[in-house]
Amino acid sequence: MSDFEVKDEKSCKTFSDRISTQETKIEEPTINFSKKMMKKKLKQKKWEETKAEWRKRKKEKAKIKKIEKRKKLEEMKIPFTKLKKNQTPSNIKVIIDCEFDDKMVDKEIVSLSSQLTRCYSDNRRSSFPVQLYVTSFGGRLEERMRTILKNQHMAWQGIEFLGENYTALHERSDFKENEFIYLTADSENTINELDKNKIYIIGGIVDKNRYKNLCLNKAKSQNIWTAKLPIENYIEMASRKVLTINQVLEIMHQWIEIRDWEKAFLNVIPPRKLPQSKKANKPDQSFENLEINHLEYEDIGDLS
Ligand code: SAH
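Just so we're clear, the structure is a prediction, and the values are computed from it rather than from any experiment. All chains use their own residue numbering, which begins from 1 and follows the written sequence. Totals for whole chains, interfaces and linings use every residue, but because this is a predicted model, local features are given only for residues with pLDDT of at least 70 and side-chain atom pairs only at 80 or more, for both listing and counting. Side-chain figures throughout are based on the complete set of non-hydrogen atoms in the structure, without hydrogens or water.

### Description of unusual backbone geometry
Right, on to step 1. Residues other than glycine seldom take positive phi values, yet N213 does so here, at roughly 65°.
Right, on to step 2. Numbering of helices and strands runs from the N terminus; a helix is a DSSP stretch of H or I covering at least four residues, while a strand is a stretch of E covering at least two. With respect to the secondary-structure elements, N213 resides in the loop between strand 5 (198-203) and helix 5 (214-221).
Right, on to step 3. Assessed through its relative accessible area of 25%, N213 is described here as partly exposed.
Right, on to step 4. Positioned with a positive phi, N223 is a non-glycine residue whose angle comes to about 55°.
Right, on to step 5. By the element assignment, N223 lies in the loop between helix 5 and strand 6 (225-227). The cut-offs for exposure are 20% and 50% of the maximum accessible area for each residue type, with area from a 1.4 Å probe on protein chains only; residues under the lower value are buried, those over the upper are exposed, and the others partly exposed.

Encoded structure:
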């Protein structure tokens, strides 16, 4: 046997051995692989056959969920509105009382309509939108919103416009149990928290502080409890503590979300009205927000 043959034989043996061992080694994963493939193919086939049905069922489930959500909102007497995922409807009701048409000049009616628009858009963006009602909606405000503003308010969601005054709402079952609180800077009472069992009224008037005690006297004559926001407990104000309608609503939104009056005031009140916090004079992040809010207020046009 030549060297070559021996080598060859050896190598052949080794080769065939190797093959056989390799074969057993390779064979197993091949079977596994094809089994897997078979399974995959079967699964795919089954999916192809059933996917239409599955999608149909998924759609039906989503529809049922949507109907249930809408029913729940109806039960809670919350006007239906398309909410974003991060939004939770709040049970707090806020009325904007627009029974002051004869007290404003045309320019102030324009500001009032801007403030109302701002209230609506803030409420739509808020993490905890309140239930909004505009009462005594009529006169020049209604005319402006119907004509110049092209009836856009008719498409607004989560807000109700009523021609009657707010006493008409007391007849409704979702209002019957709850007490009205007229918010006014002129009140001797201060609210410390917002209560879902109360209905808050904001005076729908822009008067550049011409009519002091206007809303206070109106509420008193109707035996409605009044209260101011606890501004002086938390911050110093550069001027009178009378805010715009949308600022009051935004402070309410902020409080519902963060339960902190000081931060709520700092985040909403424009810096020109607000020198500093009473609790701490440290400059904090809120001042950055103030800058943004300030700009926003300037940008939106005449709100005051
Ligand atoms: N002269 C009006 C002021 C209108 S300001 C009046 O008699 O109230 C618009 C509305 O915002 C007010 O009617 C009130 O409801 C609300 N508001 C403004 N500042 C407030 C404050 N500091 N506390 C509570 N409500 C306030």
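That shown, we press on.
### Notes on the side chain of R144
Right, on to step 1. Its location among the elements puts R144 in helix 3 (residues 139-146).
Right, on to step 2. The charge count includes Lys and Arg as positive and Asp and Glu as negative, but it does not include His or the ends of the chains. Any Lys or Arg side-chain nitrogen located within 4 Å of an Asp or Glu carboxyl oxygen qualifies as a salt bridge. Salt bridges are absent for the buried R144, whose nearest opposite-charge side chain, D106, sits at 9.4 Å.
Right, on to step 3. Setting aside chain neighbours within four positions, we find R144 in contact with I109, V110, S113 and L149. Contacts are assigned to residue pairs that have any heavy atoms within 4.5 Å of one another.

### Some words on the pattern of salt bridges
Right, on to step 1. What the rule picks out here adds up to 20 salt bridges.
Right, on to step 2. Of the charged contacts in the structure, one is a salt bridge between E49 and K45, with a shortest N-O distance of 3.9 Å. With E49 and K45 both in helix 1 (residues 3-75) and 4 residues apart, this pair spans about one turn of that helix.
Right, on to step 3. Residue classification places E49 among the exposed residues on the basis of a relative accessible area of 57%.

### So, the sheet that holds strand 3 (residues 159-161)
Right, on to step 1. Note on pairing: two strands pair once DSSP finds at least 2 bridges between them. Read from one edge of the open sheet, 6 strands run 3-2-1-5-4-6, paired in parallel fashion. Edge positions in the sheet fall to strand 3 and strand 6, since each of these pairs with one other strand and no more. Strand-to-strand, the axes of this sheet are offset by a mean angle of 25°, without reference to chain direction.
Right, on to step 2. In this structure, strand 2 (residues 131-135) lies alongside strand 3, joined through 3 bridges in parallel fashion. Bridging from a neighbouring strand, V134 pairs with F161 of strand 3. In this description, a line fitted to the C-alpha atoms serves as the axis of each element, helices being fitted only across the stretch in contact, and the angle between N-to-C directions of two axes falls anywhere from 0 to 180 degrees.

### Notes on the nonpolar core
Right, on to step 1. Residues grouped as a nonpolar core are buried Ala, Val, Leu, Ile, Met, Phe, Trp, Tyr and Cys residues, joined through side-chain atoms within 4.5 Å. Ranked by internal contacts, the top residues of the largest apolar core, which has 60 residues, are I95, L194, L229, I251 and M252.
Right, on to step 2. Sort the elements by how many residues they give to this core and helix 7 (residues 245-258) lands first, with 7 residues.
Right, on to step 3. With residues up to four places along the chain from it excluded, the contact list for M252 reads V94, L183, L194, Y200 and I202.

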